[in-house]
Amino acid sequence: TLGAAVWVRPQDVNEEQMEGVRKAIAAFGKDLGIHWYYWHEHPHDVLYPDYFPAQDGFKDYVAEAQSLGAHVTPYTNGRLWDPATKEYKKLSGAKASCRRLDGKLYTEVYSSRAVNTVTCPASPIWQKIQMNISKTLLEEYKTDGVYIDQVGAAASMPCYATNHGHAPGAGCWWPEAYRDLLTRMRAELYSPNQAMTTEENAECYIDLFDMMLVVNGPHTPTVHMVPLFPLVYSDRCVYSGYTYIPWKLSNGSCNFIQMKSLLWGSQL
């Protein structure tokens, strides 16, 4: 969709990060993909999905990157809702959350240590929120697409809520609900030159996402990875990455990761 072959990941909105973006565009040329994190007004994994307004300068940096020939897809999360947000109370977020058999919420904690609830993809409340997030980024901030985290990575959850329109418990309703949401997004919000991307590579969504970021492979001395996924789906799915980039790049690890990505058909 975007024609990108190399992706970079800015992690904030400031002049230092933008200078890195400029250097990357100069080095790799036009059609560089920019997977932009920490662009919203709150820290990472905190107060999702209360993203707007974006940090000061983000809209201008998007326009500048595009003027230099790059494509910007900012980070969003398609699964988590922080109960501490004002919108959680205002929009009855508890009614959109997945429920365990005992009626309690599923909660998850990541690097920020904030407690997030897992939201049911079949909830009309959540589907409307996700539609509005993409609409705002594509139309107001003029981005080239949106990255929707966790959709292609996280497993389905058994949900026993009675107000989401699905049978209680587990079942195929979970991927079907996300497929319904993504299909409507594609039809109503995204143009042919705008990309919808996600984390990891769940097969049930590969026809709906333009790219899948593959970074969660188990890299340990006891695991011997093989390129099974690209062998099966190389003509059906575009994906990028191989693993998370380590903080120290002086030991050849970055070169190894890029080499492995290239050999396995993944965008760098």
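One can find the structure itself at the top, above this paragraph.
In this text, all values refer to a predicted model and were calculated from it rather than measured experimentally. Going along each chain's sequence as written, the residues are numbered from 1 onward. At least 70 in pLDDT is required for a residue's local features to be given in this predicted model, at least 80 for side-chain atom pairs to be given and counted, and no such filter applies to totals for whole chains, interfaces and linings, which use all residues. With hydrogens and water set aside, each side-chain value is computed from the structure's full complement of heavy atoms.

Section: the overall build of the protein
Right, on to step 1. A run of DSSP states H or I qualifies as a helix once it reaches four residues; a run of E qualifies as a strand once it reaches two. Both are numbered from the N-terminal end. In terms of regular secondary structure, the protein is built from 8 helices and 10 strands.
Right, on to step 2. Here the C-alpha atoms of the protein give a radius of gyration of 19 Å, agreeing with the 18 Å that 2.2 N^0.38 yields for 268 residues.
Right, on to step 3. Across its three principal axes, the protein shows a C-alpha extent of roughly 55 × 45 × 35 Å.
Right, on to step 4. Accessibility here uses a 1.4 Å probe with only protein chains present; expressed as a share of the type maximum, an area under 20% marks a residue as buried, one over 50% as exposed, and anything in between as partly exposed. Looking at the protein as a whole, 48% of its 268 residues qualify as buried.
Right, on to step 5. The contact rule is simple, with two residues in contact once any of their heavy atoms fall within 4.5 Å. Summarising the internal contacts of the protein: among those between residues at least 6 apart in sequence, 70% fall at separations of at least 24.
Right, on to step 6. When the accessible surface of the protein is totalled, it reaches about 13300 Å², and 56% of it is carbon and sulfur.
Right, on to step 7. For the protein, the distance from the average site of its 23 positive side-chain charges to the average site of its 28 negative ones is 5 Å. For a compact globule the rule gives 2.2 Å times the number of residues to the power 0.38, and the radius of gyration it is set against comes from C-alpha atoms. Using a 1.4 Å probe, the Shrake-Rupley method yields the accessible areas, and only the shown protein chains count as cover for residues. Counting rule for charge: Lys and Arg are taken as positive, Asp and Glu as negative, and neither His nor the chain ends is counted. Charge coordinates come from a single atom per side chain, which is NZ of Lys, CZ of Arg, CG of Asp or CD of Glu.

A closer look at the pairing of strand E2 (residues 33–36)
Right, on to step 1. Residue alternation in E2 divides its side chains into two sets, Gly 33 and His 35 and Ile 34 and Trp 36, and both sets are buried.
Right, on to step 2. Crossover handedness for the path strand E1 (residues 7–8) to helix H1 (residues 15–28) to E2: right-handed.
Right, on to step 3. For E2 and strand E3 (residues 71–77), the ladder comprises 4 bridges, and the chain directions are parallel. When the sheet's bridge partners are listed, Gly 33 is paired in E3 with His 71.
Right, on to step 4. Crossover connection from E2 via helix H2 (residues 58–67) to parallel E3: handedness right-handed. When the strands point away from the viewer and the path from the first strand over the helix to the second turns clockwise, the crossover is right-handed. Should DSSP find at least two bridges between two strands, the strands are taken to pair.

What to know about the sheet that holds strand E8 (residues 195–199)
Right, on to step 1. Taken in spatial order, the 7 strands of this open sheet run E1-E2-E3-E7-E8-E9-E10, and their pairing is parallel. Every interior strand has two partners, whereas the edge strands, E1 and strand E10 (239–240), have only one.
Right, on to step 2. One ladder, built from 4 bridges, connects strand E7 (residues 145–149) with E8; its direction is parallel. Following the sheet pairing, Gly 145 is matched in E8 by Ala 195.

Examining the nonpolar core
Right, on to step 1. Counting residues in hydrophobic clusters, the biggest one holds 69 residues, and the most contacted among them are Ile 34, Trp 36, Trp 39, Leu 182, Met 185 and Tyr 205.
Right, on to step 2. With sequence-adjacent residues up to four places away left out, Ile 34 is seen in contact with Trp 7, Val 8, Pro 10, Val 21, Ala 65, Ala 70, His 71, Val 72 and Thr 73.
Right, on to step 3. What makes a nonpolar core is a set of buried Ala, Val, Leu, Ile, Met, Phe, Trp, Tyr and Cys residues whose side-chain atoms join them at distances within 4.5 Å. Of all hydrophobic cores here, the second largest spans 5 residues; its members include Leu 2, Trp 7, Ala 195 and Met 211.

Structural notes on H2
Right, on to step 1. When we look at burial in H2, the residues that qualify are Phe 58, Tyr 61, Val 62 and Ala 65. Around the axis of H2, the buried residues are gathered within 105 degrees of arc, so they sit on the same side. Away from its buried face by more than 90 degrees, H2 exposes Asp 60 and Ser 67.
Right, on to step 2. For H2, the elements touching its buried residues are H1, E2 and E3.
Right, on to step 3. Immediately downstream of H2, the backbone of Gly 69 shows phi near 100 degrees, a positive value. Here the arc refers to the directions that run from the helix axis out to each C-beta atom.

Notes on the pairing of E3
Right, on to step 1. Most of E3 is tucked away, with 7 of its 7 residues classed as buried.
Right, on to step 2. Pairing of E3 with E7, which is carried by 3 bridges, proceeds in the parallel orientation. Bridging across to E7, Thr 76 finds its partner in Ile 148.

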